Every structure is written in structure tokens, then in C-alpha cells.
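Spelled out, the chains give:
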Amino acid sequence: MDLRIFTEPQQGASYDTLLTVAKATEDLGFDAFFRSDHYLAMGSADGLPGPTDAWITLAGLARETRRIRLGTLMTAGTFRLPGVLAIQVAQVDQMSGGRIELGLGAGWFEQEHKAYGIPFPKEKFARLEEQLAIVTGLWSTEPGKTFSFDGAYYELSDSPALPKPARGKVPVLIGGHGATRTPRLAAQYADEFNIPFASVEDTERQFGRVRDAAKAAGRGADDLVYSNALVVCVGKDDMEVARRAAAIGRDVDELKANGLAGSPDEVVDKIGRYGAAGASRIYLQLLDLDDLDHLELISSQVQSQLS
């Protein structure tokens, strides 16, 4: 089971804080550091000192880390034109030596669009499908040839389809709970399918849909990586778990029901249940980015049992 660290910087984090967590992620042996792509805090968080841009952040981390993979869960399709996104991701991949992964979603948080003057179109999913076709098409076009696309929302004419990712292709993640369109899109474009904040039962059901869609598309069901994203709150004892839950404004029982919370052994046991449902990778949503002792505990007492 691969364990990856997943952060939500819109809740309040500077680049320096993210760099500290990314370096700890690398030093402690985790597989990857991912971040959300949002511009507005959610819930009661003040979001200070303000939002950081996902791909500017990853460009910086690409030069300041050496081993861990880096990516988004998920980049909002509403934020960037697909041709521009393809250039940005390929460049950051080159800067990292080929360690970038692109999670791409339709975008959903209308208020952040209003706050920063970003259009929020109605047909987001149809746009996402075209974006995936364009981004992957640009990357896969042979050097010296051009790429064109004539869609309902985007049109590209004779693009040189440059630059290219460092190793030819950036892995693409698609995720969500949709029962029909999401599995079909994952089967067509994804290297990994991720379901966020889902129960073991819902996870198994959705993975089954994606596996069926992959077979229907002529792919092997095991061609994709299957993963979960879950909030994490681990403590050496009940008091430490309660303290960490309080720090992120959550209830312990709720966290145990809907995330990975409790003692290291409790969390390892629940991760095993997700593994039995088909997951081979877990994104640990770390909400208190100042608590590096939490990361160390997860590394030494959870990750070590899963290695």
C-alpha cells in the first residue's frame, strides 16, 4: 500500500509551510506530496495568509525535492485553458525530472470562482472531457507533428504540441463518485482512479464500476491504479487523537467513521479494509500542516506496518 500526503493549502498555508511538509514527506519515506487546487478557504478557516497557486507551488517543490512524486488532487478544469495547462504541467514535470502527476477534475466550488472572477460554466463535465482529450493529445503527439482539435468548447489549430513531459507522459488521475460518466472517462483517459472520502462499501462499488468500464473500453481492469483519499488523525493514545481532532475542528467518532483515525493499529486495520476493497494507494488528507510530529508518527507506526 502506497501512502501519499495530501494537503489543503486553501485552508491556510504559505509556500514555506508547504515546502516544510513536502521535505518531511520525502525524508519520512512517503511516496508523494499532493495538494488541492483551490483559491478560497472552506468552512470556518480564515485561509491566512491567502491562497497559493497549485502549479506555481509544484514548480517550486519540483526544484527543492528529489524523490517524491508531486501532483494535484484535483486540478480544477475551470481554472486553466487546456493548452496552457498542458504546457504548465509538462514544464513542471521537466523541472522535477519526471515526478509529476496530474489529477484533473471538472471544478465544483462556485464561490471561489465568484471571489476571483473566474467563469463557472454550466457544462463543466463536457468541458472536462474535451480538456482531457486535448491535454493527453498534446503530450502524445509525435515531435515534429502538429495537433488539432475541433470541439464544442475548445479549438486548437496546428499546435506544435510542445513542450513534452520529461518521460513522454504524465500519469493522469480522474476521480469522483459518479456512477456512469466518471467511470467511462476514467476508463478512457486515466492511469489512476481515485475516490475521495468514501466508505469501504462505496469504494468497492465504485471501483467495480470503473473496472467494468475499463473492460468495456478494451483495457485491462488492472491497467489502472485504484486509490482513496481520506482524512487522517492518528495518535499514540486516546488523548493525542482527541487533541489532533480538536486542532482540525473535527469529532473523534466522526473521524473514525469517515476517515482514518485512532491508534496506529486501528488505522492500519482500516487501511487493510480499503486494500481488500481494491485500493493500492491512500492519499492521507493532512489538515494540520504545523504538526510534523503527526507525520513522523504515521511514518514510524503506520507506514512501517504496511511496507
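A brief look at the structure comes next. (Residues numbered from 1 in each chain as written. Predicted model: local features only at pLDDT ≥ 70, side-chain atom pairs only at ≥ 80, totals over all residues. Heavy atoms only, no water.)

A word on the side chain of Ser-299. Inspection of the secondary structure assignment puts Ser-299 in helix α11 (residues 292–306). Once you skip the residues sitting within four places of it in the chain, Ser-299 turns out to touch Leu-28, Phe-30 and Ser-304. (Helix = DSSP H or I, 4+ residues; strand = E, 2+ residues; numbered from the N terminus. Contact = heavy atoms within 4.5 Å.)

This paragraph deals with the environment of Pro-196. As for its placement among the helices and strands, Pro-196 is situated in strand β9 (residues 192–196). Sequence separation of Pro-196 and Phe-147 is 49 residues, and the distance between their C-alpha atoms is 33 Å. Setting aside residues no more than four positions away along its own chain, Pro-196 makes contact with Gly-176, His-177 and Ala-229.

This brings us to the packing of helix α6 (residues 181–189) against helix α7 (residues 200–216). Taken N-terminus to C-terminus, the directions of α6 and α7 make an angle of 50 degrees; their axes are 8 Å apart at the nearest point. Considering their axes alone, α6 and α7 lie oblique with respect to each other. Between α6 and α7 the crossing geometry is right-handed. Seen from α6, the contacting residues are Thr-182, Pro-183, Arg-184, Ala-186 and Ala-187; seen from α7, they are Gln-206, Arg-209, Val-210, Ala-213 and Ala-214. Partitioned by chemical class, the residues of the contact of α6 with α7 number six nonpolar, two polar and two charged. (Axes fitted to C-alpha atoms, helices over the stretch in contact; angles between N-to-C directions. Parallel < 35°, antiparallel > 145°, perpendicular 65-115°, else oblique. Left-handed = near helix turned anticlockwise from the far one by under 90°. Nonpolar A, V, L, I, M, F, W, Y, C, P; charged D, E, K, R; others polar.)

Let's shift gears to helix α2 (residues 54–64). Within α2, the full set of buried residues consists of Ala-54, Trp-55, Thr-57, Leu-58, Ala-59, Leu-61 and Ala-62. Residues of α2 that are buried in the fold lie against α1 (15–27), β2 (32–35), β3 (69–72), β4 (75–76), α3 (82–96) and β5 (100–105). The N-cap of α2, judged by a side-chain oxygen 3.1 Å from the amide nitrogen of Trp-55 a few residues on, is Asp-53. (Buried < 20%, exposed > 50% of the residue type's maximum accessible area, 1.4 Å probe, protein only. Polar contact = N/O pair within 3.5 Å; in protein donor to acceptor, adjacent residues only side chain to side chain.)

Another aspect to go through is the nonpolar core. Ranked by size, the top nonpolar core spans 77 residues in total, and within it Trp-55, Leu-102, Trp-139, Leu-260 and Leu-284 carry the most contacts. It is helix α5 (residues 124–140) that provides the largest number of residues to this core, a total of eight residues. Contacts of Leu-102, omitting those with residues within four sequence positions, involve Trp-55, Thr-72, Thr-75, Leu-85, Val-89, Val-135, Trp-139, Val-170, Pro-171, Val-172 and Leu-173. (Core = buried A, V, L, I, M, F, W, Y, C linked by side-chain atoms within 4.5 Å.)

Here Glu-240 shows up in helix α8 (residues 238–247). Apart from the residues within four sequence positions on either side, Glu-240 is in contact with Gly-235 and Leu-297.

Note that strand β6 (residues 147–150) and strand β7 (residues 155–159) share three bridges and pair antiparallel. Residue pairing for β7: Asp-150 is matched across the bridge by Glu-155. Where β6 hands over to β7, the hairpin turn is made up of four residues, counted between the paired strands. (Pairing = 2+ DSSP bridges.)

What follows concerns α8. Those residues of α8 that fall on the buried side of the exposure criterion are Glu-240, Val-241, Arg-244 and Ala-245. Projected down its long axis, α8 carries its buried residues within an arc of 135 degrees, all on one side. Turned more than 90 degrees away from the buried face of α8, the exposed residues are Asp-238, Met-239 and Ala-246. Those residues of α8 that are buried lie in contact with β10 (225–234), α9 (252–258), β11 (260–262) and α11. Among the residues of α8, the N-terminal cap falls to Asp-237, whose side-chain oxygen and the backbone nitrogen of Met-239 are separated by 3.2 Å. Count one or two residues on from α8 and you reach Gly-249, which has phi positive near 70 degrees. (Arc of directions from axis to C-beta.)

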